[in-house]
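Chain residues, written in single-letter form:
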Amino acid sequence: CCTIDWFFPWPAEGLIAVAQQALTTIGLEPKIADSVVDQCMQFQVQAQDLSLRFLTEVNRFNYVTPTSYLELISTFKNLLNVKADEVGQQKRRYEVGLGKLLSCADNVAIMEVELTELQPVLVVKTREVEELIVELDRESADAAVTKEKCAADEAVAKAEADTTNEMKASCEADLAEALPALDAAVSALKSLTKGDITEMKSMKTPPKGVKLVMEGVCVLLEIKPEKIASEDGKGKVNDYWKPSQKLLGESVFMQRLLDYDKENIPPAVIVQIKTYVANPEFMPAVIEKQSKAATGLCKWVRAMEVYDRVAKVVEPKRLMLKKAEEDLSVMMADLKVKQDLLKAVLDKIAQLEANFKDANDNKVSLANQVDMCEKKLIRAGKLISGLGGERTRWTENVKLLGEEFVNVTGDVLISSSFVAYLGVFSSEYRDSYIAQAIQDVRGKGIPGSATVSLEKVLGNAVQIRDWNIAGLPRDSLSTDNAIMMSKSRRWPLMIDPQGQANKWIRNMEKDHNLGVYKLSQSDFVRNVEACVQYGRPVLLENVGETIDSILEPLLTKSIYKSGGSNCVNIGDSVVEYHDDFKLYLTTKLPSPHYAPEVSTKVVLVNFTITPVGLQDQLLGITVEVERNDLEQERQRLVIQNAGFKKQLAEIEDKILKMLSEAGGDILEDEELINTLSASKVTSNEIGVALEAAEKTEATINDTRMRYTPYPERGSLLFFCIADLRNIEPMYQYSLDWFVLLFTGAMHDSEKNPNVEERTDLLIEFFTYSL
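Residues numbered from 1 in each chain as written. Predicted model: local features only at pLDDT ≥ 70, side-chain atom pairs only at ≥ 80, totals over all residues. Heavy atoms only, no water.

Let us now look at the overall build of the protein chain. For the protein chain, the count of helices and strands is 26 helices and ten strands. Across the protein chain, every contact between residues at least 6 apart in sequence was considered, and the portion connecting residues at least 24 apart equals 78%. Only carbon and sulfur atoms are counted for the fraction: they give 54% of the accessible area of the protein chain, which is about 40800 Å². (Helix = DSSP H or I, 4+ residues; strand = E, 2+ residues; numbered from the N terminus. Contact = heavy atoms within 4.5 Å. Areas by Shrake-Rupley, 256 points an atom, 1.4 Å probe, with all protein chains shown as cover.)

All right, on to the packing of aromatic side chains then. Throughout the structure, instances matching the rule amount to 16 aromatic pairs. Their ring planes at 75° and their centres at 5.4 Å tell us that Tyr260 and Trp300 sit as a pair that is edge-to-face. In this pair, Tyr260 sits in the loop between helix H7 (253–258) and helix H8 (267–277) while Trp300 sits in helix H10 (residues 292–387), placing the two residues 40 residues apart along the sequence. The exposure classification of Tyr260 matches that of Trp300, with both residues buried. An angle of 90° between the planes, with centres 6.1 Å apart, marks the rings of Tyr710 and Phe766 as edge-to-face. Here Phe766 lies in helix H26 (residues 755–769) and Tyr710 lies in helix H24 (residues 709–722), a separation of 56 residues in the sequence. The burial state of Tyr710 is the same as that of Phe766; both residues are buried. A connected cluster of aromatic rings, assembled from ring pairs, spans Tyr710, Phe718, Phe719, Phe738, Phe742 and Phe766. Across the ring face of Trp491, the terminal group of Lys557 is positioned such that the distance to the ring centre comes to 4.2 Å. (Phe/Tyr/Trp six-rings, centres within 6.5 Å; stacked < 30°, edge-to-face > 60°. Buried < 20%, exposed > 50% of the residue type's maximum accessible area, 1.4 Å probe, protein only. Lys NZ or Arg CZ within 6 Å of the ring centre and 35° of its normal.)

A few words now on the pattern of salt bridges. If you walk through the whole model with that rule in mind, you get 14 salt bridges. The residue Arg506 makes a salt bridge to Glu541 at a minimum N-O spacing of 2.4 Å. Here the residue Arg506 occupies a position in helix H17 (residues 500–508), and Glu541 occupies one in strand E5 (residues 538–541), the gap between them amounting to 35 residues. Residue Glu541 is classed as buried on the basis of its relative accessible area, which comes to 9%. Asp523 serves as the salt-bridge partner of Arg526, at 3.7 Å between the closest nitrogen and oxygen. (Salt bridge = Lys/Arg side-chain N within 4 Å of Asp/Glu carboxyl O.)

Attention now goes to the sheet that holds strand E8 (residues 573–576). Strands sit in the order E6-E7-E8 across an open sheet of three strands; the sheet is antiparallel. Looking at the sheet topology across the chains shown, the edges are occupied by strand E6 (560–562) and E8. With direction set aside, neighbouring strand axes in the sheet form an average angle of 50°. Strand direction decides the pairing type here: E6 and strand E7 (residues 565–570), joined by three bridges, are antiparallel. Among the inter-strand pairings, Lys561 is bridged to a residue of E7, identified as Asn566. Sheet strands touched by helix H18 (residues 524–534): E7 and E8. Its angle to E8, the strand with the most contacts, is close to 35°. (Pairing = 2+ DSSP bridges. Axes fitted to C-alpha atoms, helices over the stretch in contact; angles between N-to-C directions.)

Below, the discussion takes up the environment of Arg465. Here Arg465 shows up in helix H15 (residues 461–469). Separated by 173 residues in the primary sequence, Arg465 and Val638 place their C-alpha atoms 9.0 Å from one another. Not counting residues up to four positions away in its chain, the partners in contact with Arg465 are Ala642, Lys645 and Lys646.

Strand order across the open sheet formed by five strands is E4-E5-E9-E3-E10, with parallel pairing between neighbours. Each of the sheet's edge strands pairs with one partner strand only, and the pair in question is strand E4 (515–518) and strand E10 (602–606). Along the sheet, successive strands turn relative to each other by an average axial angle of 25°, direction set aside. In terms of strand pairing, strand E3 (residues 491–495) meets strand E9 (residues 583–587) through three bridges, oriented parallel. Its bridge partner being in E9, Met494 is matched across the sheet by Thr586.

When you line up the elements, Val462 lands in helix H15. With 181 residues separating them in the primary sequence, Val462 and Gly643 have C-alpha atoms 8.7 Å apart. Ignoring any residue separated from it by four or fewer positions in sequence, one finds Val462 in contact with Lys646 and Ala649.

Among the residues of H8, Val269, Ile270, Ile273, Tyr276 and Val277 are the ones counted as buried. Looking straight down H8, one finds its buried side chains confined to an arc of 105°; they lie on one side. The outward face of H8, more than 90 degrees from its buried face, is lined by the exposed residues Pro267, Ala268, Val271 and Thr275. (Arc of directions from axis to C-beta.)

Turning to the nonpolar core, a few remarks are in order. Ranked by internal contacts, the top residues of the largest apolar core, which has 89 residues, are Tyr421 and Leu540. Here this core gets nine residues from one element, more than from any other, and that element is helix H2 (residues 30–58). Residues contacting Leu540, with those up to four places away along its chain left out, are Tyr517, Leu519, Phe524, Val528, Leu551, Leu583, Tyr584, Leu585 and Thr586. Leu192, Ile197, Val217 and Leu221 belong to the second largest nonpolar core, which has 37 residues in total. (Core = buried A, V, L, I, M, F, W, Y, C linked by side-chain atoms within 4.5 Å.)

A few words now on H26. Taking 1.5 Å of rise per residue, 15 residues should cover 21 Å, and H26 covers 21 Å from first to last C-alpha, within 8% of that figure. The elements touched by buried residues of H26 are helix H21 (611–626), H24 and helix H25 (735–748). At the N-terminal end of H26, a side-chain oxygen is found 3.1 Å from the backbone nitrogen of Glu756, two or three residues along, and the residue is Asn754. (Expected span 1.5 Å × (residues − 1). Polar contact = N/O pair within 3.5 Å; in protein donor to acceptor, adjacent residues only side chain to side chain.)

What follows deals with the side chain of Arg60. Along the chain, Arg60 falls in the loop between H2 and helix H3 (66–191). No salt bridge is formed by the buried Arg60. Its closest oppositely charged neighbour is Glu428, at 8.6 Å. When neighbours within four sequence positions are excluded, Arg60 is seen to be in contact with Phe54, Leu55, Val424, Ile495, Pro590, Ser591, Pro592 and Asn606. (Lys, Arg positive; Asp, Glu negative; His and termini not counted.)

Moving residue by residue along a regular strand, the side chains alternate between the two faces of the sheet. Two elements, E7 and E8, share four bridges in a ladder whose sense is antiparallel. Of the residues in E8, the one forming a bridge with Asn569 is Val574. Hairpin remark: E7 followed by E8, antiparallel, with two residues in the connecting loop; positive phi at Gly571, about 65°.

A separate point is the packing of H24 against H25. In the contact formed by H24 and H25, the axes pass within 11 Å of each other and the chain directions differ by 145°. By crossing handedness, the relation of H24 to H25 is classed as right-handed. In this structure, H24 contributes Tyr710, Pro711, Gly714, Leu717, Phe718 and Ile721 to the contact, and H25 contributes Leu735, Trp737, Phe738, Phe742, Ala745 and Met746. Of the residues belonging to the contact of H24 with H25, the class tally is eleven nonpolar, one polar and no charged. (Left-handed = near helix turned anticlockwise from the far one by under 90°. Nonpolar A, V, L, I, M, F, W, Y, C, P; charged D, E, K, R; others polar.)

On the surface, Met730, Tyr731, Tyr733, Trp737 and Leu770 cluster together to form a nonpolar patch covering roughly 480 Å² of accessible area. You can see Tyr733 is positioned in the loop between H24 and H25. On the basis of relative accessibility, which here comes to 33%, the residue Tyr733 falls in the partly exposed class. (Patch = residues over 30% accessible without salt bridge, like charges linked within 9 Å, V, L, I, M, F, W, Y side chains within 5 Å.)

In this section: the side chain of Asn606. For Asn606, the position within the fold is in strand E10. Note on Asn606: relative accessible area 2%, which makes it buried. When near neighbours in sequence (up to four residues on either side) are disregarded, Asn606 contacts Arg60, Gly423, Val424, Phe425, Ser426, Arg430, Leu477, Asn481 and Ile495.

Next up on the list: unusual backbone geometry. A positive phi angle, close to 60°, is found at Asn59, a residue other than glycine. Mapped onto the secondary structure, Asn59 falls in the loop between H2 and H3. A residue is classified by how much of its surface remains accessible, and Asn59, at 56% relative accessible area, is exposed. Positive phi, normally seen in glycine, also occurs at Lys557, with a value near 55°. Secondary-structure assignment places Lys557 in the loop between helix H19 (552–555) and E6. Looking at Lys557, the relative accessible area reads 34%, which means it is partly exposed.

Have a look at this one:
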């Protein structure tokens, strides 16, 4: 019992709905977006029709699946903005570069006029600065003399001031002895109350110490004592107590003491007071035991004696200090006049220096302007002479890139359909599909070029040269195949009956430790796991019409996150997926029939050799055998020229990048101009070497082309015997066998130095051998 599943193509409405949903966010104008959606549906339908034609005409199967349609939409979305940004950026860089060149050319005339105007002004400013220098030197010399005299006077005044200060310090030191006692006495007087005075006054028989103190006060105030009879009855003695009581009764008694003229105490009074001061009984500590009021008065009397004694020593010093201060004042006044004079001179010099600085700054600024103007003219000359030749080419590039930018939508759309659908088809089918696609795209109003080449739209000249050096055939079919492989999301399965793609992949990936395996190997799974984990490319050879299901997660890129790492399941193993991993598959089957489920997982690429490609390879083999020296030199020049062109492209990119990133006036950036000049010199040197190499290569190619008839016959015969398999499957001939026979004919045939005759002999011999 079995079930038959019928799979019908998606209807046009479904295709349109899917495209509308996917393309709403790419920023196209509504009208163009509708046309693009409709054209995507048309591409799917036309690809299906082309597959039917392919089956009818050459009996080869190809399935156009929904995956192919999704590949078309995905490729278009991914490439449109990338290509538009790339073209737009290139165009802007050329425009900026042209703008800088034109600006430099316009600025040259302006800078020449500016330089002519600045030079006379600089001469005048230089003369002004020189005159200011002479005046400044003269005034500085006069100021130096004045400053020296003023410094001498300052030294004398300082010495005099030091002497005066020493005298003042001596006076103050002497006064420091008397003043504390005086202050203490005044404080003691002020502490006395009216009751204290009344208490003393009312004493009928005062203690001896109180009477002694009051005698001292009366002596200082020059109050006369009374004469009374002595205690022994012999004569009369002086008695100060009654005058003291009278004195204590005065209302201004305390004020008299506070206002006492201590500066002018009569010498006779001082002589008399000294006898009291010298008396041991006349000490505050003794008196304090007898009367508090008398203690304050005692301190006052003793303070007056001390002050008078000190004043007699200090007074001469005071007089000397006063005279010294008067003399110092006169000296300082005279010094002030001289200092003012010096300040005026110094201010004048400062003004002269400020004027000189301003004038010199102006001169330096002008000199810098003149110098910068001259340097700018030199740099502009360098820039214009170095890059002036690029002006025409850059202008043309801007024009071409402008057209390319306008047409980018249609060109990328057609190129995306090429990547999605045409990998399995041969050249004539691809050409017819693209011709119809161009007509439809332009007919729907989608901006697009009149001719669309996958190499032009999605190719990179430097990368294509590297592919060719690695062994990719130089015909357009092989180049388009390589571009499709680089732009497709799916891993490529190359239909490669002659082994051309296999050889190219091996050479291209040999530096990346390529792993080459067959599905028939018992350990191929383990080897593939290791390559996936360590990011090594894998080439699976001799794939049949089915692919081991163990590879399905790799083919569908079923990658998931686990523990922070990307992982993929291969069989029962979970393998960490390295982003550098690449997978290539090749089959030697000339007309494989892959089921639709295989077509959804890989991109089928037809690397079946073309007559032009085979002819080019056979020509290389012919020249290598017949003129090995020429072929070796040609191959060397091909590699060398590829390197030269790559360097030239890199240098131009560098120049345009530097011009684009340069802010403001680029002529002010000497390092930038020198770098640009050096880059252009290098570019010119490489250009000269490249031109010479290309001439040599052209000469070699002219010689090579004389052998063309033999490879032409060889290519024709190969495709004749290859088509025999369509008559009888037993007629299967490999290209390796054919090349061996082709080479053997050159070794075994008759030699002849004449190239034309030699090729005729080779054609006859090889045809007969075949």
